[in-house]
Amino acid sequence: MDRSILLEKMTSYGIKAPVFDSLLSDRKQYVCITRGTESIRSATKSTVLGVAQGGCNSSLLFTLLINDLPNSIKNSLTVMFADDTNIVISGPVDQFFNTITKIEDDLTSNLN
């Protein structure tokens, strides 16, 4: 998810902390591989998606990011606990692919 959407969600919840703006803006990442005493590092790239992992606020930000997912999926039961999400469907076996298509439609309709 684009972090600007997360910042908008936080504002709608009344969270207006400048520290989050700086934490979620102008993020960069790279990959470093170490073999023995030799290290190879990729070029640094800017990112606009997701939240940083491992920080003290990471869990809070991730929860804010996905907390309304069950509201977006109408054609199944969505069960969430911490960072684990399960989508539960039931119905006739011959309608399985039709149900999957409906869930995909639910998910992609929120991207537009």
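Below is a short write-up of the structure. (Residues numbered from 1 in each chain as written. Predicted model: local features only at pLDDT ≥ 70, side-chain atom pairs only at ≥ 80, totals over all residues. Heavy atoms only, no water.)

L6, L7, M10, F20, L24, V51, L61, L64, L65 and I66 together form the largest nonpolar core, which totals ten residues. The element best represented in this core is helix α3 (residues 58–66), accounting for four residues. (Core = buried A, V, L, I, M, F, W, Y, C linked by side-chain atoms within 4.5 Å. Buried < 20%, exposed > 50% of the residue type's maximum accessible area, 1.4 Å probe, protein only. Helix = DSSP H or I, 4+ residues; strand = E, 2+ residues; numbered from the N terminus.)

For the rest of this paragraph, the subject is the side chain of T47. Mapped onto the secondary structure, T47 falls in strand β4 (residues 45–47). When residues no more than four places from it in sequence are discounted, the contact partners of T47 are R3, R27 and Q29. (Contact = heavy atoms within 4.5 Å.)

At a minimum axis distance of 10 Å, the contact between helix α1 (residues 3–12) and α3 shows a crossing angle of 90°. The angle between α1 and α3 places the two elements in the roughly perpendicular class. Between α1 and α3, the residues in contact are L6, K9 and M10 and L61, L64, L65 and I66, respectively. (Axes fitted to C-alpha atoms, helices over the stretch in contact; angles between N-to-C directions. Parallel < 35°, antiparallel > 145°, perpendicular 65-115°, else oblique.)

On to the pattern of salt bridges. Applying the stated criterion to the full structure yields two salt bridges. Notably, a salt bridge pairs D68 with K9, separated by 3.0 Å at the nearest N-O pair. Here the residue D68 occupies a position in the loop between α3 and α4 (69–72), and K9 occupies one in helix α1, the gap between them amounting to 59 residues. Residue classification places D68 among the partly exposed residues on the basis of a relative accessible area of 29%. On the accessibility criterion, K9 (11% relative accessible area) is buried. (Salt bridge = Lys/Arg side-chain N within 4 Å of Asp/Glu carboxyl O.)

This part takes up unusual backbone geometry. Positive phi, close to 55°, is recorded for D26, a residue that is not glycine. The topology assignment puts D26 in the loop between α2 (18–24) and β1 (27–29).

All told, the structure shown has one aromatic pair when counted by the stated rule. Where F96 meets F97, the ring centres are 5.2 Å apart and the plane angle is 80°; that geometry is what we call edge-to-face. Taking relative accessible area as the criterion, F96 reaches 39% and is therefore assigned partly exposed. (Phe/Tyr/Trp six-rings, centres within 6.5 Å; stacked < 30°, edge-to-face > 60°.)

Before going further, it helps to examine the environment of F62. On the secondary structure map, F62 appears in helix α3. Between the C-alpha atoms of F62 and V51, which are eleven residues apart in sequence, the distance is 6.8 Å. If near-sequence neighbours (up to four positions away) are discounted, F62 is found in contact with V51, A82 and D83.

Another point: the environment of D2. By secondary structure assignment, the location of D2 is in the segment before α1. Residue classification places D2 among the partly exposed positions, given a relative accessible area of 30%. With 22 residues separating them along the chain, D2 and L24 place their C-alpha atoms 9.9 Å apart. Sequence-distant contacts of D2, that is, excluding residues within four places in its chain, are made with V48 and L49.

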